[in-house]
Amino acid sequence: MPEPLVTAPTPLLQVDHLKIEFPTRHGTLTAIDDISFSIAVGEVLGVVGESGAGKSLTGAAIIGLLEPPLRIAGGQILFDGKRIDNLPAEKMRRIRGKSIGAIFQDPLTSLNPLYTVGRQLTETIRTHLDMDERAARRRAVELLQEVGIPGAAQRLDAYPHQFSGGMRQRVVIALALAANPRLIIADEPTTALDVSIQAQIITLLKRLCRDHGMAVMLVTHDMGVIAETADRVAVMYAGRIAEIGPVREVIKHPKHPYTVGLMGSIPTIGHDLERLRQIDGAMPRLGGIPTGCAFNPRCSEVFDRCRRERPNLLPTGDTKAACWLYDAASEKRAVETAHG
Amino acid sequence: MVKLATAQPGVLVPDRPLLQVTDLTRHFDVSAPWLTRLVGGGKRQTLKAVDGVDFEIERGKTFSLVGESGCGKSTVARLIVGLYGPSRGRVEVDGVDLAGLKTRAEQAPLKRRVQMIFQDPFASLNPRWRVKDIIAEPIRTHKLLDSPAAVRARVGELLSQVKLTPADGDKYPHEFSGGQRQRISIARALASNPEFLVCDEPTSALDVSVQAQILNLMKDLQRRLGLTYLFISHNLAVIYHVSDRVGVMYLGRLVEVADAKKLFARPRHPYTRLLLDTIPDLEMTGRARIPVAGEVPNPINPPSGCAFHPRCAFANERCRVERPNLRIADGTLVACHAVEEGRLPEMALAVPAA
């Protein structure tokens, strides 16, 4: 059955069957195995998963910052309809920062401690935009104002260490915005911050998306941040997408047993539970990913087919889940309907 | 005196809280070096990390401290286990003040009863030691068992208690995941048969699904072994899940202490309300949140009066001048002039009342 062609305009970012590998002494390990998704203009796609699920690697691959020996071993990444995964380094450098911005977790490591904030901003602006020093400085002040730094004109000549954690992250966001990118890869942008600052940064990101029509790929392990910010969410597990769909659907009615377990394991205020629902065991290491569905040893719904064949994303109503429960041809379904 | 100090663990005094903290204060000298001060004319500077904190924990219960980085919650934890000495005030475990015991030999029985679990399971286990030696260290230090065979058996038992296998004892910490390492930390903490565990952000470094495993394990152990917890976290949902009673800290002081259910259903202090309002909305109610401007001020030079007043919408002249103390309001302890004067409006609750 062909999918309805309602998404007529080309997505801003399209990732097709992306595969990322790295060689080790014991053979080649596959860190990202055949994942596909797209981000529309102005859309916020959340990517969640546990550490090691491959969410940051996916982001790094898109902006061309995979550290060797990691390499893209298959598939393609299209930005605005053009392939960017095979561009030479110099061409990619032009896109990174100009069309695609990046925000990383720790603001202290993404800023150079030896240069003033203003110098780092004007340098970025002048690298990507045709501006003289004075115009770039004016733009830098505007950017700092935009991200809510009080006294922007005076703070321009301050060094990163003179800012607090929350303010530093605002500077990093200003840097990412410097050349008006159309897509921002935000990798755990609020993880290193305190809760009250985290709320401020989330609100800021949401406002910037709305005002600039910017698309964001928001990588985080915090489902709460996703719930507040994203339009759609992709749940990753062991280098694959387990479930993808509109945020509200995935959070309220998760389909993949892993997502169900993940949502159940988050403590919520107002829900009095003696015990949290827990998924026993741990995510497999890269060298030991089981055959079939990678989640099968921990899954409460597991049946024969899960141990043999690897599921791809299957439609389940509003979301898609990589789970054989949602394939009409699965025996389990047949058994269930026979009983029902 | 010494007799009394080394109170027999078996002797239970009813109604006495297991932990009693009175006017606990810890100041750190953060001045520039002497010569720099002499040349540059700088003054001595004191960081009041913990500034007059009072609370108690009943036997078998969980008391939690919540607050943002720099509020002093970890310093309180370290003061209680004796990693720091207090500048002022007392920490009494079962009626005994650790600071009153001078020699290591006198301190040992008390230290055996109080153990700590740290935040980072990658930094708190010695990478050069096998897991069985890490867990056996408290047993050997406190000379709880004599024969190597008995120690081995006990280590195996402890590993099973935290849902690892006795065979895991032969491995090194790097062979375990974050969640498994935190289990090893818990096993080590339990090795000396403590009654009281101080848990400083025990799940903050873990993924949510692993966090659920550890929280469930800690609750099981509490029920089975009758443990008392001081639990420290910045994650309010985790606090809600584990706590009987909660203390909210801001810049070295407690601003509100209440039963967990009550605190979340009816927060009184404006800072508690701010914290509750920052919780990401997993229920997807689409409520508009009002982000609170401002950040935690520099603790070296805290604001006058109520330290929260520059960020508080309800602050008036009195708040800027006079520091509020904890007072009882409807069974909750709150340090806020606005609450005391009854000029604080009820909060539109973001969270369904428990």
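Above this text you will find the structure in question.
No experiment lies behind these values; they were computed from the predicted model shown. Going along each chain's sequence as written, the residues are numbered from 1 onward. Chains and ligands are labelled by the order in which they are written, letters from A for the one and numbers from 1 for the other. The predicted nature of this model means local features are confined to residues of pLDDT at least 70 and side-chain atom pairs, given and counted, to a pLDDT of 80 or more, with totals for whole chains, interfaces and linings taken over all residues.

Student: Now, about the overall build of chain B: what can you tell me, with residues and values included?
Tutor: Numbering goes from the N terminus for both helices and strands, where a helix is a DSSP run of H or I of at least four residues and a strand is a run of E of at least two. When you go through chain B residue by residue, the secondary structure sums to 13 helices and 12 strands. In this setup the radius of gyration rests on C-alpha atoms only. A globule is expected at 2.2 Å times the number of residues raised to 0.38. Taking 20 Å as the expected radius of gyration for a compact globule of 354 residues, we find that chain B reaches 22 Å, a close match to that expectation. Referenced to the eigenvectors of the C-alpha coordinate spread, the extents of chain B come out at roughly 70 × 55 × 45 Å. Each of the 354 residues in chain B was classed as buried or not, and the buried ones make up 44%. Summarising the internal contacts of chain B: among those between residues at least 6 apart in sequence, 67% fall at separations of at least 24. Residue burial here comes from a neighbour count, namely the number of other C-beta atoms, placed from the backbone, that lie within 10 Å of the residue's own C-beta, with 20 or more meaning buried, 12 or fewer meaning exposed, and in between meaning partly exposed. In this description, a residue-residue contact is defined by the distance between C-beta atoms placed from the backbone, which must lie within 7 Å.

Student: Tell me about helix α5 (residues 131–141) of chain B, and please be specific about residues and values.
Tutor: All names here are of chain B. Along α5, the residues that are buried comprise Val 131, Lys 132, Ile 134, Ile 135, Ala 136 and Pro 138. Of the surrounding secondary structure, the elements contacted by the buried residues of α5 are α6 (148–161) and α7 (178–190). Lys 143 occupies a position one or two residues after α5 and carries a positive phi of about 50 degrees.

Student: Can you tell me about the sheet that holds strand β10 (residues 240–246) of chain A, naming the residues and giving the values?
Tutor: Residue and element names in this part refer to chain A. When DSSP locates at least two bridges between a pair of strands, those strands are taken to pair. Strand order in the open sheet formed by 8 strands is β6-β7-β8-β3-β9-β10-β12-β11, and the pairing between neighbours is mixed. Here the strands that pair on one side only, and so sit at the sheet edges, are β6 (100–103) and β11 (314–315). In this structure, strand β3 (residues 44–48) lies alongside strand β9 (residues 232–237), joined through 4 bridges in parallel fashion. When the bridges of β9 are listed, Val 48 appears paired with Val 235. Axis definition: a line fitted to C-alpha atoms, over the contacting stretch in the case of helices. Angles run 0 to 180 degrees between N-to-C directions. Sheet strands touched by helix α7 (residues 165–177): β6 and β7 (183–187). Its angle to β6, the strand with the most contacts, is close to 170 degrees.

Student: Break down the sheet that holds strand β5 (residues 82–83) of chain A for me, citing the residues and quoting the values.
Tutor: Residues and elements named next belong to chain A. Pairing is antiparallel in the open sheet, where 4 strands are placed in the order β2-β1-β4-β5. Strands at the two margins of the open sheet, each flanked by one partner only, are β2 (27–39) and β5. In this sheet, β5 lies alongside strand β4 (residues 71–79) in antiparallel orientation, the contact comprising 2 bridges. Note that in β5 the partner of Phe 79 across the bridge is Lys 82.

Student: Outline the packing of α7(B) against helix α8 (residues 208–225) of chain B, supporting the account with residue identities and numerical values.
Tutor: Axes are the key here: two packed helices are described by the angle between their axes and the distance separating the axes. All names here are of chain B. It is the contact of α7 with α8, at a shortest axis distance of 9 Å, that shows an interaxial angle of 20 degrees. The orientation of α7 relative to α8 falls into the category roughly parallel. The chirality of how α7 crosses α8 is right-handed. From α7, Gly 178, Gly 179, Gln 182 and Ile 186 reach across to α8, where they touch Val 210, Gln 213, Ile 214 and Leu 217. Roughly parallel here means an angle under 35 degrees, roughly antiparallel means over 145, roughly perpendicular means 65 to 115, and every remaining angle is called oblique. Helix crossings are classified by the rotation of the near helix relative to the far one: an anticlockwise turn of less than a right angle makes the crossing left-handed, while a clockwise turn makes it right-handed.

Student: Give me helix α5 (residues 133–146) of chain A: which residues, what numbers.
Tutor: Residue and element names in this part refer to chain A. Helix span, as expected, comes to 1.5 Å for every residue beyond the first. Between its first and last C-alpha atoms α5 spans 20 Å; for 14 residues at 1.5 Å apiece the expected length is 20 Å, and the two agree. By the burial criterion, the buried members of α5 are Ala 136, Ala 140, Leu 143 and Leu 144. When α5 is viewed along its axis, its buried side chains cluster within an angular range of 95 degrees and face the same direction. For α5, the exposed residues set more than 90 degrees away from the buried face come down to Arg 134 and Glu 142. At the C-terminal side of α5, Gly 148 shows a positive phi close to 80 degrees. In this context, the arc is that of the directions from the helix axis out to the C-beta atoms.

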